[in-house]
Amino acid sequence: MKSVDLVIRGGQVVGPDRIVAASVAIEGEHIVAVGHDDVMPSAKQEMRADGLYLLPGAIDSHVHFRDPGYAHKETWESGSAAAVCGGVTTVFDMPNTNPPTGTREALALKLKSAQRSYADFGIHALLDDSTVGHLEDLLAGGATSFKAFVGNTFGNLPPPTDGALLEGFEKLAPLGIRTVVHAENSSILARRQKVMEDAGRIDALAHLAARPAVCEIEAIGRVLTLAEWTGARVHIAHHSAADSLYLIRDAKRRGVEVTVETCPQYLLLNTEDMLRLGGIMRLNPPIREARHNQPLWDALMEGVIDMIATDHAPHTPEEKTRESIWACDCGFPGVETQMPLMLTEVNRKRATLMDYVRWSAVNPARAWGIYGTKGVIATGAHADIAFVDMARSGTLAQGRLQSISKISPWHGRTVQGYPVHTLLRGRFVMRDGELVTEAMGWGRSVKSLQTMPTPRPRNTELYSSAITTTPPGVRPNALPSEDVPR
Ligand code: NCD
Ligand code: ZN
């Protein structure tokens, strides 16, 4: 037998249903064998992974790498360095850059910046009133999926009208393409914020008061209605509230094609932390009262929430620590800290490593149509592996983050469980905790891997016929006067 590039021996391979002691053989970018040590082919390079767990590289459905337009906050280079140092091998980048990713030109600019990526990537293009007329063009230009900012957030992109959202879903449903939705009701939150600003409130909790859970409940309800009507695939970003979970549970039972992410901050932080951290913790939707934390965990366990994403949303320390809460930019970095934070909870027995792999790799890979090549350690898959040391403990330190945004609500938090090496398509991008700088630019788009399952559109046939063309045989409505009934 031909000798392969690399054999990793002695590790525990983690899948969604089992953990097995197995060796992994890698040739080029792919895994060519997973199995007993004795049946491994000979290799140019051998590596021991005794005491380590081998997890499929994490797939983060929600990052803001800010490039083009806000390079002082993050770039593809710094953001993707943060990703791979956190065991994340694939990211999906958000369109609220400058220019927003809503035209072919803007998309081309983003893909150019992404050539410096350490991680593989997908691109969520913008779905709003300005883009709904050329969605297919954006897909042809390399977008993997769409994002609708139904709730106002950083970048101040106008939310899509319900009309544009419905039309977008009608067009995307037959293609099977999924749309991420930032689900908050913009009208409620804008009015509340104004009332509070006029009253002179500038404290941190005013941010939460401006965006009560009802904003999320209403927006999720509306989005699910349109998704169910059209059969479009949707993905609820950063689910934050216990009160809106019932809508997802019911929609899934009815077969609505919805996937949902939550983030470590909604599971592990609450308003108590906001009192301490103020603007550092300001993000949208807000981190809520402690009563929301456990129901979100339960929903992950139950499968109502499918996955962990990070909403990695970097801003500079200056932009996060201004006196008025309204002046602090919303969001904070997270792609690098997600895995240690979640592994710590696994060590605390709140979930198993298999659960974690389901949430961090399997389910996101399925949602974006890349499962099989990504999201799993198996023959034929990309060799994307996070080598995890569950015994290693440490303290998260914002100054050590790869992200340009060296400010984090996780600063000073003790964790146990770290990714120690990250392999992307057969190549180490992080080794012994250090970024492999020569690997810059190794990341590439996952677009060509994407195969969405057969779509089941509903009520979308009306779009192409009745809206823009008068159906054959239908008379114009201006009836000749002799036809008017008397
Ligand atoms: C995000 C950002 O900064 O781009 N901010 C945030 O508070 N989450 C935008 C977003 O995802 O809503
Ligand atoms: Zn958002």
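Throughout what follows, the structure given in this document is the object of discussion. (Residues numbered from 1 in each chain as written. Chains lettered and ligands numbered in written order. Predicted model: local features only at pLDDT ≥ 70, side-chain atom pairs only at ≥ 80, totals over all residues. Heavy atoms only, no water.)

### Looking at the coordination of the zinc ion (ligand 2)
Any two of four tetrahedral donors ideally make an angle of 109.5 degrees at the metal, while pairs among six octahedral donors ideally make 90 or 180 degrees.
Next up, step 1: Summarising the metal site, the zinc ion (ligand 2) is bound by the protein donors His182 (ND1) and His238 (NE2), whose distances to it range over 2.0 to 2.2 Å.
Next up, step 2: Considering all four donor atoms around the zinc ion (ligand 2), the spread of angles at the metal, 54 to 136°, places the coordination shape in the irregular class. Of the two residues, histidine 182 sits in the loop between β12 (178-181) and α5 (186-198) while histidine 238 sits in the loop between β13 (233-236) and α8 (245-253), which places them 56 residues apart along the sequence. Taken individually, histidine 182 and histidine 238 each receive the classification buried, so the pair is uniform in this respect. (Donors = N, O, S within 2.8 Å, 3.2 Å for Na, K, Ca; no water. Tetrahedral: all angles 85-135°; square planar, octahedral: opposite > 155°, others 65-115°. Helix = DSSP H or I, 4+ residues; strand = E, 2+ residues; numbered from the N terminus. Buried < 20%, exposed > 50% of the residue type's maximum accessible area, 1.4 Å probe, protein only.)

### Re the pairing of strand β18 (residues 427-431)
Next up, step 1: One ladder, built from three bridges, connects strand β17 (residues 414-424) with β18; its direction is antiparallel. Bridge assignment links leucine 423 to a residue of β18, and that residue is phenylalanine 428.
Next up, step 2: Linkage of β17 to β18, two consecutive antiparallel strands, is achieved through a turn of two residues, within which arginine 425 is found at a positive phi near 40°.
Next up, step 3: Taken together, the two bridges between β18 and strand β19 (residues 434-435) define a ladder with antiparallel strand orientation. (Pairing = 2+ DSSP bridges.)

### Focus on unusual backbone geometry
Next up, step 1: The residue after aspartate 67, namely proline 68, is reached through a cis peptide bond having omega 15°.
Next up, step 2: With an omega dihedral of -15°, the bond running from asparagine 284 to proline 285 counts as a cis peptide bond.
Next up, step 3: Assignment of secondary structure puts proline 285 in the loop between α10 (271-277) and α11 (293-302).
Next up, step 4: With a phi angle near 50°, aspartate 311 is a residue other than glycine that sits in the positive phi range.
Next up, step 5: On the secondary structure map, aspartate 311 appears in the loop between β15 (307-308) and α12 (317-320).
Next up, step 6: Of note in this structure, aspartate 432 is not a glycine but carries a positive phi near 50°.
Next up, step 7: The topology assignment puts aspartate 432 in the loop between β18 and β19.
Next up, step 8: Judged by its relative accessible area of 58%, aspartate 432 is exposed.

### Describing α8
Next up, step 1: Along α8, the positions that sit buried rather than exposed are Leu245, Leu247, Ile248 and Ala251. In a view along the axis of α8, the buried residues occupy a sector of 160°, so they form one face of it.
Next up, step 2: Contacts made by the buried residues of α8 are with α7 (213-230), β13, β14 (258-262) and α11.
Next up, step 3: Phi for glycine 255, located one or two positions after α8, is positive at around 90°. (Arc of directions from axis to C-beta. Contact = heavy atoms within 4.5 Å.)

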